[in-house]
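Spelled out from the first residue to the last, the chains are:
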Amino acid sequence: MSQARPSVDDIRLGHGLSPERREEIIEQLRPLDSQLARLPADGFDAELSVKDGDEDQDFNKKQYVTFEVWAARGHRYVTTSREPNFADALTEVRDDMRKVIGRTLDKRIDQKRRP
């Protein structure tokens, strides 16, 4: 890991993504940094991957973008997109991940505040 707090810079590019696209992908994911920074650095791991699927009835190639984040104590967050345009799919998994992490962490904070 490159920083004291998790960041999009720590995300691994998995299946279907070439290292040449890393900078472009990381910049598009950058708005997620504030939510990732809320996670403990210990045990953090994240991977973005793309799997090509079959063609649809119009012979357009389908893709499945998966974004997984693992945090301390075995917490796992997963978002997926089937958007045909990669940039749109990346935006969808980024925005969904922000919501998932935010809701989960806010819920834990609320539970700790209850008597």
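Owing to the predicted nature of the structure, the values given are computational and were not obtained by experimental measurement.

The rules behind each value
Residues numbered from 1 in each chain as written. Predicted model: local features only at pLDDT ≥ 70, side-chain atom pairs only at ≥ 80, totals over all residues. Heavy atoms only, no water. Helix = DSSP H or I, 4+ residues; strand = E, 2+ residues; numbered from the N terminus. Buried < 20%, exposed > 50% of the residue type's maximum accessible area, 1.4 Å probe, protein only. Contact = heavy atoms within 4.5 Å. Arc of directions from axis to C-beta. Polar contact = N/O pair within 3.5 Å; in protein donor to acceptor, adjacent residues only side chain to side chain. Salt bridge = Lys/Arg side-chain N within 4 Å of Asp/Glu carboxyl O.

**Focus on the overall build of the protein**
Alright, step 1. Secondary structure summary: the protein contains three helices and four strands in total.
Alright, step 2. In sequence order, the secondary structure elements of the protein are arranged as β-α-α-β-β-β-α.
Alright, step 3. When burial is assessed residue by residue, the protein has 37% of its 115 residues classed as buried.
Alright, step 4. A separation of at least 24 residues holds for 51% of the contacts in the protein among residues at least 6 apart in sequence.

**Points about helix 1 (residues 22-29)**
Alright, step 1. Within the span of helix 1, buried status applies to I25, I26, Q28 and L29. Relative to the axis of helix 1, the buried residues are bounded by an arc of 160° and lie together on one face.

**Description of the environment of R76**
Alright, step 1. Tracing the backbone through its elements, the reader meets R76 in strand 4 (residues 76-81).
Alright, step 2. Between the C-alpha atoms of R76 and D45, which are 31 residues apart in sequence, the distance is 9.5 Å.
Alright, step 3. For R76, the contacting residues outside a window of four places in its chain are E68, V69 and W70.
Alright, step 4. In this structure the side chain of R76 is engaged in a polar contact, spanning 2.4 Å, whose partner is the side chain of E68.

**Re the pattern of salt bridges**
Alright, step 1. This structure, assessed with the given rule, holds eight salt bridges.
Alright, step 2. Linking R21 and E24 is a salt bridge whose minimum nitrogen-to-oxygen distance equals 3.0 Å.
Alright, step 3. We note a salt bridge from R94 to D95, for which the minimum N-O separation is 3.0 Å.
Alright, step 4. Taking relative accessible area as the criterion, R94 reaches 13% and is therefore assigned buried.

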